[in-house]
Every structure is written in C-alpha cells, then in structure tokens.
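Understanding the architecture of this molecule
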Amino acid sequence: MGNEARGKGAPLRSEEFLVSAMERFGGSVYLVALSQTRSEQDAQDVAQDVFVRLFCSTTRFESDEHLKAWLLRVTINRCHELYRGFWRRSVSTLDGERDLDVAARSGAGRVGGADGAEAAAGRPGALAEDPADVLVRRLERTPVWSAVARLPSDQRAALVLFYVEEYSCDQIAQIMGVRPATVRTKLHRARLRLRKMLEREGYEDGYAYE
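As a starting point, this report considers the structure included with it. (Residues numbered from 1 in each chain as written. Predicted model: local features only at pLDDT ≥ 70, side-chain atom pairs only at ≥ 80, totals over all residues. Heavy atoms only, no water.)

1. Concerning unusual backbone geometry
The test is simple: Every helix listed is a DSSP run of H or I at least four residues long, and every strand listed is a run of E at least two residues long, numbered separately from the N terminus.
Even without being a glycine, arginine 38 presents a positive backbone phi close to 60 degrees. Tracing the backbone shows arginine 38 in the loop between α1 (15-37) and α2 (40-56). Positive phi is not limited to glycine here, since glutamate 166 has a value of about 60 degrees. Tracing the backbone shows glutamate 166 in the loop between α8 (153-164) and α9 (169-176).

2. Section: the packing of α1 against α2
The line we're drawing: The angle between two axes is taken between their N-to-C directions and runs from 0 to 180 degrees, where each axis is a line fitted to C-alpha atoms and a helix contributes only its stretch in contact. In these notes the angle categories are as follows: under 35 degrees is roughly parallel, over 145 is roughly antiparallel, 65 to 115 is roughly perpendicular, and the rest is oblique. By definition, any crossing whose near helix is turned counterclockwise from its far helix by less than a right angle is left-handed, and any crossing with a clockwise turn is right-handed. Whether two residues are in contact is decided by their heavy atoms, any of which lying within 4.5 Å being enough. Nonpolar residues are Ala, Val, Leu, Ile, Met, Phe, Trp, Tyr, Cys and Pro. Charged residues are Asp, Glu, Lys and Arg, and all others, Gly as well, are polar.
Two numbers describe how α1 lies on α2: the axes approach to 8 Å, and their chain directions differ by 140 degrees. Taken together, the axes of α1 and α2 lie oblique to each other. α2 is crossed by α1, and the crossing has right-handed handedness. Of the residues in α2, those touching α1 at Phe17, Leu18, Ala21, Met22, Phe25, Gly26, Val29, Tyr30, Ala33, Leu34 and Thr37 are Glu40, Asp42, Ala43, Gln44, Val46, Ala47, Val50, Phe51, Leu54 and Phe55. Considering only residue class, the contact of α1 with α2 consists of 16 nonpolar, three polar and two charged.

3. Focus: the pattern of salt bridges
Definition in use: The term salt bridge refers to a side-chain nitrogen of Lys or Arg lying within 4 Å of a carboxyl oxygen of Asp or Glu. Relative accessibility decides the category of a residue: with a 1.4 Å probe and only protein chains considered, values under 20% of the type maximum give buried, values over 50% give exposed, and everything between is partly exposed.
One pass over the structure, following the stated rule, counts seven salt bridges. Two residues, lysine 68 and glutamate 165, come together in a salt bridge whose shortest N-O distance is 2.8 Å. Highlighted residues: lysine 68 in helix α3 (residues 64-88) and glutamate 165 in the loop between α8 and α9, separated in sequence by 97 residues. In this structure, lysine 68 and glutamate 165 share a single accessibility class: buried. Note that glutamate 81 and arginine 78 form a salt bridge whose closest N and O atoms lie 3.6 Å from each other.

4. Describing the nonpolar core
The cut-off we apply is this: The set of buried Ala, Val, Leu, Ile, Met, Phe, Trp, Tyr and Cys residues whose side-chain atoms join them within 4.5 Å is what this entry labels a nonpolar core.
Formed by 45 residues in total, the largest nonpolar core has its most connected members in Phe51, Leu54, Leu71 and Leu161. Contributing elements (two or more residues each) for this core: α1, α2, α3, α7 (143-148), α8, α9 and α10 (180-200). Looking at this core element by element, the count peaks at 10 residues for α1. Ignoring any residue separated from it by four or fewer positions in sequence, one finds leucine 161 in contact with Val32, Leu72, Ile76, Glu166, Tyr167, Ile172, Ile175 and Met176.

5. A short note on the packing of aromatic side chains
Defined as follows: Each pair of aromatic rings taken from Phe, Tyr and Trp, with Trp reduced to its six-membered ring, is defined by centres within 6.5 Å and is described as stacked if the planes are under 30 degrees apart, edge-to-face if over 60, and tilted in the remaining cases.
Applying the stated criterion across every chain yields a total of two aromatic pairs. Judged by centre distance (5.5 Å) and plane angle (75 degrees), the rings of phenylalanine 61 and tryptophan 70 are edge-to-face. Using a relative accessible area of 0% as the deciding quantity, one classes tryptophan 70 as buried.

6. Quick look at the environment of arginine 78
For clarity, the threshold we go by: We call two N or O atoms a polar contact when they sit within 3.5 Å, provided that within protein one can donate a hydrogen and the other can accept it, with sequence-adjacent residues counted only if both atoms are side-chain atoms.
Assignment of secondary structure puts arginine 78 in helix α3. Residues arginine 78 and alanine 47, spaced 31 residues apart in sequence, show a C-alpha to C-alpha distance of 9.0 Å. Residues contacting arginine 78, with those up to four places away along its chain left out, are Val46, Asp49 and Arg53. A polar contact is formed between the side chain of arginine 78 and the side chain of aspartate 49, at a distance of 2.6 Å.

7. Thoughts on the side chain of lysine 186
Structurally, lysine 186 is set in helix α10. By relative accessible area, which is 16% here, lysine 186 ends up buried. Residue contacts for lysine 186: discarding those within four places in its chain leaves Asp154, Gln155, Ala158 and Met176.

8. Concerning α9
Which entries qualify depends on this criterion: As used here, the arc is the angular range of directions from the helix axis to the C-beta atoms.
Taken together, the buried positions of α9 are occupied by Cys169, Ile172, Ala173, Ile175 and Met176. Seen end-on, α9 carries its buried residues on one side only, within an arc spanning 165 degrees. A positive phi of about 75 degrees marks glycine 177, the residue just after α9.

In structure tokens form, the structure reads like this:
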C-alpha cells in the first residue's frame, strides 16, 4: 500500500484533495464499514478515521482506482482493529445486537462532501445525505441485505466488494490482503449461507414463497 510514514515538517494533503476523495469514495467507504461493523455509529467513526489517515498519508496514488482500493483496504483494516480493540477491553456486550436494519433506520448522516471534511478534521458540522444513503435504504429493504448482516465479517466484505463495488476477485484479493482463490472460497461459502438462511425464512432468490 506504499509508505505512509510522514517525515517531520512534511505538508499534509490539501483540503481540496480530501473533499474530492470524500465526495467520490465516501459512500463506498461507509458502506464497506457498515457491512463490517453492523453499526451506523461505528461505521461513521471508521469512515472519518479512514479519511483522517488519508489526509496524513504520503502514499502516492497512481490513479483513482488506486486511491479507492487504498481507502477500502484501510477501511477493512480499521474495522479489524476496532474488533480486536473490543476483545482486548473484554467487552461482553456492545449495546445489544445493532444490525444493519437498525443502523439504516437511525437516519444519521455520514462522511461525504464539504461537511464530511469538517467531520474528518474534527470540526463540528451537519453531515449532508449522500447517494450512499439511497443505496443503503434500498438494500436494507431486501431480505438478502438482512441475511448478509449475519455472515462472518470477511464474507460480508467480499460480497459487498464483489456485488456492490463490482471488483473482480483479483482486485478484492489485493484489497483484503488474501489470495484470489481465498476470495472465491469466501464468496462461494457466503452464497451458500445466504441461500440456506433465505430458504429457512421462506424466501427463494429474495422473494417469498407463494
């Protein structure tokens, strides 16, 4: 992912660069974070932290795709750090089962646009709705999205990157830091789990039996 160490006195990235990155990729970062944390508040915190890391990073991006892949890789890593932190603190409960449906219905804002830049920089500001809100609301009305929330985190990440972000298995492997064959295995197992869960709940291919 490149060298992210910043030398003493090295300039930070411009605010214009950060706002542009948020506007283009903030929704994708948030959606991946939400699929991992299953909590709107945690996903928002992760997304803000990711863009703070981008602001401080010295990584040179060769293209927009390189930048987006870097952001999603940092997002997944940050979610893993958050999960490990919960275990280190021996937290027995996390305020109940906060799944994707509850998170989507909360109506809170997220990172995106100029207001997102203020949030990432630690300054107060109202967060405007971005197009990812529409996608999340559309997804959370489907039985598949609810079932995805119950998958293991690595399978959730693979599914979101493959079906929502439309990455190939090779690209997902680079983002997740695993082999392409591992990604294909995760997708295969995730599909099987989803099918079984939906069948148990009386659904077939996302539709209720007549």
